[in-house]
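# Coordinates in review
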Amino acid sequence: MNFDFALPLNPKDLLESSVSTQYVVNEVYSSRQVADRVMGCKTALRTEGPVMILDHFDGFYSLLHHFKTVDPAEREIGWELLIEAQQKLINQISSLEDGGSDPQTNHQMLNTLKMLCYVLCRLAELFEAEACKPTTDTASGKGRGRKKTAAGSWDWEAEKERFLELTAHLLQLELFRLWDPPVVEEEFVNLISGCCYKMFENPTVSQVRCQGTRAALIQVLGILVKRYNHALSASLKIIQLLQHFEHVVSPMAQAVHVFVEQFGIKSVASEIMRELGSMDPQDLARDNSGTRAYAAFLVEVAEKIPAVILPSISVLLCHLDGESYTMRNGVLGVMGEIVMKVLSKENLDKKAKATRDQLLDTLEDHIHDVNSFVRARVLKIWLSLCEAIAIPLSRQHGLLELVVGRLHDKTAGVRKGSVQLIKALLMTNPFAAKLPVSELQSNLEKEEEKLKQLMPEGPSQEETEVRGKAEESWAAMESGIQSIIKQMSEGDEQDESISVEIAEDTQVESTVIEIRELLDKSQYRKAVSLLKAAMDSWPDYELFVEPAKDDNSADEEGEADDEDNTQQTKLMEILKALYVGEQTPVPMIEDIDFANPEKLLNADTTEGQDSANEKQANEPVVNELTKQQVLVQYIKACVNFAKQVQQAVPVMCQLLGSKTPSDVMEAIEFFVTAFEFGVSNSMEGVRRMMVLVFSKEPGIKEAVVAAYRRLYLDVPGLAPRARASVIVKNLMSLTIGATLGEHTSLEELVSEFMKSNDLPPQAIQILWEYFTMKHANTTEDESRGALSILGMAARSDVKIVKSNIDVLVSVGLGERAHKDFLLAQDTCAALLKLAGEGKPKILGGVEPFRLPANHDMFVRIADVLVKGVEDLSSNHWVPFSVQAVTAIYRLAEHPDQVCGDIIKQIAGVIMKGSQVSEADNEKEKEDDGEPENTFSCSSGILSRFLALSGQVAFQQLVHLDVMVLGELKRRRNIQEAKKEKNKDKKKNKDADKTQDGDGTTMEDEMGLTGASAEDSEAEYIRKICELDIVTGENLLAFLGPLVVMVCSNPGKFSDPDLRSNAALALAQFMLVSSKFCEAHLQLLFTILEKAPEPTIRANTIIAVGDLTFHFPNLIEPWTPNLYARLRDESAQVRKNTLMALTHLILNDMVKVKGQISEMATCIVDADERIAALSKLFFFELSKKGNAIYNIMPDMISRLSDPETGLPQDQFKTVMRYLFAFIHKDRQADALVEKLCHRFRTTRTERQPQDLAFCLALLNYSEKGMRKLQENFACYADKVSDPDVFASFTSILGKAKKFTKPEVKVFIDEFEKNLTEVHTKGMEDDAVAEKAGKASAAAGKFKKPTAPGEKSAVKKQPAKGRTPARRGRRKQTMDSSDEEEEDTTVNTPTTRRTPAHPASRSGAKKRGRGKKMVVLDSSDEDSDDELFDVKDSRENSDDDQENDQENQDPAVSTPSSGSPKKGARSSGRKKLLNTGGTRTSSRRRPIIT
C-alpha cells in the first residue's frame, strides 16, 4: 500500500488527486452493481479484517453516491458490515497499543481508520437526513405521523446509539500514535464532530426517548474536547446550533454541564460566555429566535453550573442595556441562579457578599424595566429567590416596597408576578406565623420599655463636662496622631509596634484605659502600637469590628494607597471612640441573621420572654443589653414588614374588581394567605371577594368557593362534632355585620357547599341548637346568624326548613320576635324558602306550597306586626314588614284577607291612639260654620302604616300577575293534557267516523284555544289590577287618598321617614293601576325634583324606573325629568339615576335621544363610581349597532354649548372616550361630512374648536380624507383659529402615515390650501382688529340713538334651537345642515294643565322647517343623514322609526293623546301635533 487517504471536504475531491500518492476512487459503480460490491465485502471482512476497506472503498463510496436509489435492505447490509469492521478495528488498534508496531503497519491502520470513519460518518449523516425528512405515510391507529427510515425491524435510533458508543470507544484509544508526528489531524476531528453536530440538528434529539443517543453524542464530543483539542471549535459550533435550532437548548446545556463535571473542561463555558457577550445587541434584537435560544441556554447552564458561570458574568452585563428584552431576561435569569445556588450560602466572605449585593441591586433596578416582559421575568426570579430563602433580610423592606408599587402596573403579567411575590414573601417571612400589627406594636412597646430599663442612666452634668473637655483635647491632638499613624503605615516605626506584647490574663477594658492614658501623655506611637496589638488579641470586640463597606469594584483588585487610607481612617475612628468615650453601637438589622431567631435570642420573640441569662460560648450575643437590643430590632423589622403587607391590601382589593381573570384569582390567593397569617385588614378583602361567587368566569367562581372552603370549612385534626362546631362558628362570623350584597353572596356560597356536601349534617344540627339558644352561651347575634345560615342552606335543601316549620314559627315568631324584629325578619326569609325561587313553573305541574290562612305562622306574623307597630325604638319594623308581607303572599291560601286584616288592625291602633283636637274643631267651627274632626297620631306609626300599605299593594300586584296567572296556566295545562289524552282515546275508537266540523272548531283546528284562553285570563287579571285594587271600592283604594295627602303636604308632614315611606307607597300604588299612575304622575315627579332629602329623591328615581317598565307610554313625556336628576347635587341620586337610565336604555324602554348627552357628562363626574358606571353604560351601548354613531352629532352640539355644556377640557375627555367606539370606516366617513356641515351653524368661538377636535379623533380612510376636502368650504373661514388649524394639522399628520403614494399628492395639495387659508385668515383678523379700533374711536363722536328709535340690527332666532332643560332658552349648535330652515314646534294640548316640572319655555314658531330625524340605533351601518332629511315624505315608511332628536318639544304637560294603558297598548302609535307634521312614535315593548 503506497497511497495516503486524505479526508476530503467534498466527496467529489476523492475522484481526482493533485498528489500522486493520494488515494483516488477509480470507479463509481452503478446502483445495480453496488449490491454485488457490498456483498462481496463480507468474505473479505472475515478473511482480511477491517483492512478490507482499502481494497473495497470504491464500492462503499458508490453506496454513498447512490444512497437514495439503493434498496434500503442493501444499505442496511452495508451499514452492518461497516459497524462490524469498526469493532474489529478497535480490537486491532488496542493490540497495537499493547505491543509495538512498525511504521508500515501504522500507516496501513491509519488509512483503514480514516477510510472506515469517513464512510461510517457520511453514511450516518445520510441515514439521519432521511430520518429528519417529513413523511406523508401515516400509520393507521397508533403512531400516526412517525417517520420510517427503513423496512423491517431495523431501528435507526438503536443503530445510531451503537455507532456513537463504538466511536467513543475508538476515540478513547491512543489514536495519535498512528500519525507521524503523533498529532491527530484536524480534518479527522472535524469529520467525527461534524457528524455529531448533524445529529444534534434532528429535533427528536431533545425528546426523552432519545436520551441514550443524546448521552452518547455528548460523550463523543466530550472526548473530542478533552483529548483532541476541540474546545474552541465546540464553543463556536454550539453557538451556531443555538442560533439556528431552538430545540438544542437543553442538549447543549447538558453537554456543557458534562464537559465541566465529567471532563473538567471549564474553558468551553467561558468561551461561550465570551462569545455571547461580544455579540452586537442590535443583531440580537433583530434575530428574536436565536436570541430566545441564547437566553434559554444561559439560564439552563446557570442552573447546572452556576459557580462556573459566575466569573464570566461580567461579560454579559453589556446586554442589560441592549434593545433585546429576551437577552435581558436571559442575563437576569443567570444572575438569579447564581445568587440562589452560589451566593446564598452562609459564611460568605466580603467579596462574595459584595458580588451578591451588586447582582441583587441589578435585579431590583429591572423591576422598573421599560419592557413588561422583563419586569414580569424579574419578579419571577425574585419569587424563586424568595422560595429558596435566598433574599437577605435587610433587602426585604425595600423589595416589598418596590413590588407593592408594581401592583399598579398596566400589564397583567407584571401584576400577577407582583401578587405572587408578595404572597411568597408573606409565607416565607422569618418573623412570625401571625402578623397582626396591633399585637406586634404592643409587643414592641413592652420590649422597648424593658430595653430602657436595661440601658444605663444618662450622663450627669459632670460627665457631660468631662466628655466636652475630652472632645476638645482630641481635637487638639488629632493632627499629631494622624501624622504618627501615617508614618507608621509607611514602615518607619514598625519595631516598636512589634515589641508591644499583651499578657494572656489582661482584660480588654484595662487595655482600653491604658491607651487613653498614653494619649493623655502624648505617647501617640505607643498608643497606636498598643491598639494594633489589642485588635489582634480581641478582634470581636465591639469597637474593634470593622464596619461593612460597599465594595463597588469586587472584580478588581484595590490599590495599595486606598487600603492604607482605609486602615488609617479606621485607626483614627477607633482611637477617637476610645478616648472620647463612644457608646457601644446598637446591632443593626442588616448584621443580624434571623434564620433562627429563637436560637439567636434564646427567647420566644412572639411572647417577648427574656432569657438572656442563659449564654452560650459560640453565640454572638455577649450580654443581656445586647440581646435585648437585638430583640427590639427584630420586632421592629417584624412590625415594618406587617405594615407593608397591610398597605398592599387596598390595592389587592382593587384587583378583585379587575377585568383580567389572572388578577382576580391571584388576589383571591393572596387574601387567603394573608387571612391565615393574621394580616390586620385582610378581612376586608375576604369579604369583598365574596361577591365574586357570581362571576361569569368559571375559574373565578371555583377559586372563590375553594378559598372559602379552605378558610372556613377545612378544619383538620378534630372529631366530627368539634369540626362541625368550628365550621358553624366560622360561618356565623360572616353573617355578623354583613351587608345586603355580602349576605346574598354568602347565600350562594352556602348553597354551593350544600351541593358539594362540604357542610356536614352535624353542622345543620348545631345551627338549630344555636338558633333555639340551646347551645351554651349563645348570644342574640349568634342565634340570628345561625338562622340566616339555615335559610341559606335551605335554598339547596328545602327539607331543612320544611321539617322544622313549627320550630321556626314558635321560636322565630314567638316572644323574642316582639323585641327583636331582625329575628322575625330572618325567620320570614327562611320560611320563604318553602315557596321556592322565581316564578312558579307552569309546565312542571307541581302544585305550589300553600298553608291555610289561619295557620299559626300568619297569626304570629300578624301579632308581631300589630303589636310592634307602636314600638318606635327599633328601626327594623319596616324591613320586617316587607319580608312578612312577602311571606304571607307566597305561602298563604288567601293572602289578601290576611293582609287586609293586618291593615285594619293597625288602622285600629292608629285610631285608638289618636285624639280629637278640640281647639282646631272650635276654630274651624268659627271660620267655616261646620265642625270637622281632625285626628293626630304618631308620625312613626303612620309612616309604618303607609309602608305596609304600599308593600301590600305591590305584593297584591305580583300575586295576581305572577302567582294567580301562573296557577291558572298550570291548571289549564293539566286540563288540556287530560283532554288531549281523552281525545286520543276517542280518536282511536272513532277513527272511521271522523268528519269535517264534527265536534271541532276553527280554533281547535288552528291550535288557538289555549292561546285565546291565556289572553282572556291575562286580560282579566289586568282588569282587576286596573280597577279593583288601588281604585274602586276596596281597602287599598280608601288608603290611596291618605298616601296622596301626605305626599302633597310636605310642610304639614315634615317627618323625613314619613314622607320617604309615603313617596315609596305612592310609587307602589302607581305600579298597580295605570289610571292611578296617570292621575298622580305630576305629584311623583314633583317629589323627585323638590324633595329636600337626597334619600327620598334617590328612592323615587328607582321607583320611576320601575314605572317606566310597567307603563312606558305614560312616563315617556316625562323623560327629560329623569335626565335632569343626572345633575342633582347628591351623588347618590346621580348614581341611582344613572343606573336606572342605563337599565331602561339598554332594555329599549327609553329611546336613545340627544338628552343622552347628560349621561355623557357623568364620565367626568367627581364621583369615581359614577364615572365608571357611565363608561360602562356607553361600552354596553356601543354593542347595540349604530347607537353611538347616531347620537354623536347631537351630543357634540349639546356638550359644546357654552351655557349648558361642559368646560372645554372636560368636553375633550368625554369625546376621547366616546369616539373610541367609532370603529367602522363608513361611520367615520359619514361623521366627517356631518361635522363639517356644522361649522356653518356655530355661534361662538369655542364651537369650531370643539368640532375640529372631534374631527381629529376620527380614524380616516381615503374616502374620509376626500370628504374632508370636499367640505372645505364649510370650515374655511374657521381655519384662522390656531386651535382649529392645529386639529386639522394633526389629521393630516395621521393621514400621511397610511396613505398610498397616489393619495399623497392629494393630501399635500390639501395641506397647502389649508395653510394658505390659515395664513390669510390670520392677516384678515389683524386687519379686522385695526378696523374695529378705528370704528370704536369714531363711535365716540357718533350721535347716540334716541330712546324711541329701534336698533337697526335685529336679533335673529337661532336655527335648530333646542329648548333648554331648565326652563331657559339656550343657544346650541344647530343639528341640521346649513340648508335647513327653522322648525316649528307646537305644544301638545292636554286635558289637565298642572304645573309640569318639565315645562321649559313657551312654544315659539320659527317658520316652516324640514323634518329632523335621527335614525334608530338598530339600523346597521346606516349612512343616512343624522340631522337633515331633505324629503321627509320619502322617509315616512312604517318600518323606519325616527326620533325627534333635534326638535325637543317643550312639553308643558303629558299629551292627552298618549295611550292611557301604557304597557297594555304597545302596538299603538302616538301622534303629536308638530306644526302639521305627522311623526310615528317608536313601539314600546310590553312589560307585565
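Residues numbered from 1 in each chain as written. Predicted model: local features only at pLDDT ≥ 70, side-chain atom pairs only at ≥ 80, totals over all residues. Heavy atoms only, no water.

From N to C terminus, the chain includes 62 helices and 4 strands. Scored against the burial criterion, the 1488 residues of the chain give a buried share of 48%. Long-range pairs, those at least 24 residues apart, make up 75% of the contacts in the chain between residues at least 6 apart in sequence. Put simply, the chain shows about 74400 Å² of open surface, and 49% of that area lies on carbon and sulfur atoms. (Helix = DSSP H or I, 4+ residues; strand = E, 2+ residues; numbered from the N terminus. Buried < 20%, exposed > 50% of the residue type's maximum accessible area, 1.4 Å probe, protein only. Contact = heavy atoms within 4.5 Å. Areas by Shrake-Rupley, 256 points an atom, 1.4 Å probe, with all protein chains shown as cover.)

Right, let's talk about helix α52 (residues 1131-1146) for a bit. With 16 residues, α52 extends 22 Å from end C-alpha to end C-alpha; this agrees with the ideal 22 Å at 1.5 Å per step. The elements touched by buried residues of α52 are α49 (1094-1110), α51 (1119-1124), α53 (1157-1161) and α54 (1168-1181). For α52, the N-terminal cap is S1130; the gap from its side-chain oxygen to the backbone nitrogen of Q1132 is 3.4 Å. Of the residues one or two after α52, D1148 is the one with positive phi, at around 60°. (Expected span 1.5 Å × (residues − 1). Polar contact = N/O pair within 3.5 Å; in protein donor to acceptor, adjacent residues only side chain to side chain.)

Turning our attention to the pattern of salt bridges. Taken as a whole, this structure holds 50 salt bridges when the rule is applied. The partner of R971 in a salt bridge is E967, with the nearest N and O atoms 2.8 Å apart. On the criterion of helical spacing, the pair formed by R971 and E967 is a turn pair, its members being 4 residues apart in helix α43 (residues 939-989). Overlapping salt bridges bring together K701, E748, E752 and R795 as one network. (Salt bridge = Lys/Arg side-chain N within 4 Å of Asp/Glu carboxyl O.)

For the rest of this paragraph, the subject is the packing of aromatic side chains. Each aromatic ring pair is specified by the distance between its two centres and by the angle formed by the two planes. What the rule picks out here adds up to 25 aromatic pairs. Between F5 and F57, the ring centres sit 5.1 Å apart and the planes meet at 70°, which makes this aromatic pair edge-to-face. You can see F5 sitting in the segment before α1 (31-39) and its partner F57 sitting in helix α3 (residues 53-65), a full 52 residues away along the chain. Measuring from ring centre to ring centre gives 5.6 Å for F1239 and Y1275, while their planes differ by 55°; the resulting arrangement is tilted. (Phe/Tyr/Trp six-rings, centres within 6.5 Å; stacked < 30°, edge-to-face > 60°.)

Along the polypeptide, M1045 turns up in helix α46 (residues 1035-1048). Taking the C-alpha atoms as reference points, M1045 and A1062, 17 residues apart in sequence, are found 9.2 Å from one another.

Bringing the confidence of the model for the chain into the picture now. Taken as a whole, the chain shows an average pLDDT of 76; of its residues, 76% reach a score of 70 or greater. Highest mean pLDDT in the chain belongs to helix α17 (residues 372-387) (93); lowest belongs to strand β3 (residues 1414-1415) (35). Segment residues 458-463 is flagged for pLDDT under 50; beyond a separation of four residues in sequence, or across chains, it makes 2 contacts in the model. Taken as a whole, residues 1338-1488 scores under 50 in pLDDT and shows 297 contacts with residues more than four places along the chain or in a different chain. (pLDDT = per-residue confidence, 0-100.)

Quick look at the side chain of R1059 now. With respect to the helices, strands and loops of the structure, R1059 is situated in helix α47 (residues 1056-1072). A polar side-chain atom of R1059 sits 2.4 Å from a polar atom in the side chain of E1093. Apart from residues lying up to four places away in sequence, R1059 is in contact with P1050, F1053, S1054, P1092, E1093 and I1096.

Once that is clear, we can look at the environment of A1062. For A1062, the position within the fold is in helix α47. Beyond its immediate chain neighbours, meaning those up to four positions away, A1062 contacts L946, V1043, V1046 and C1047.

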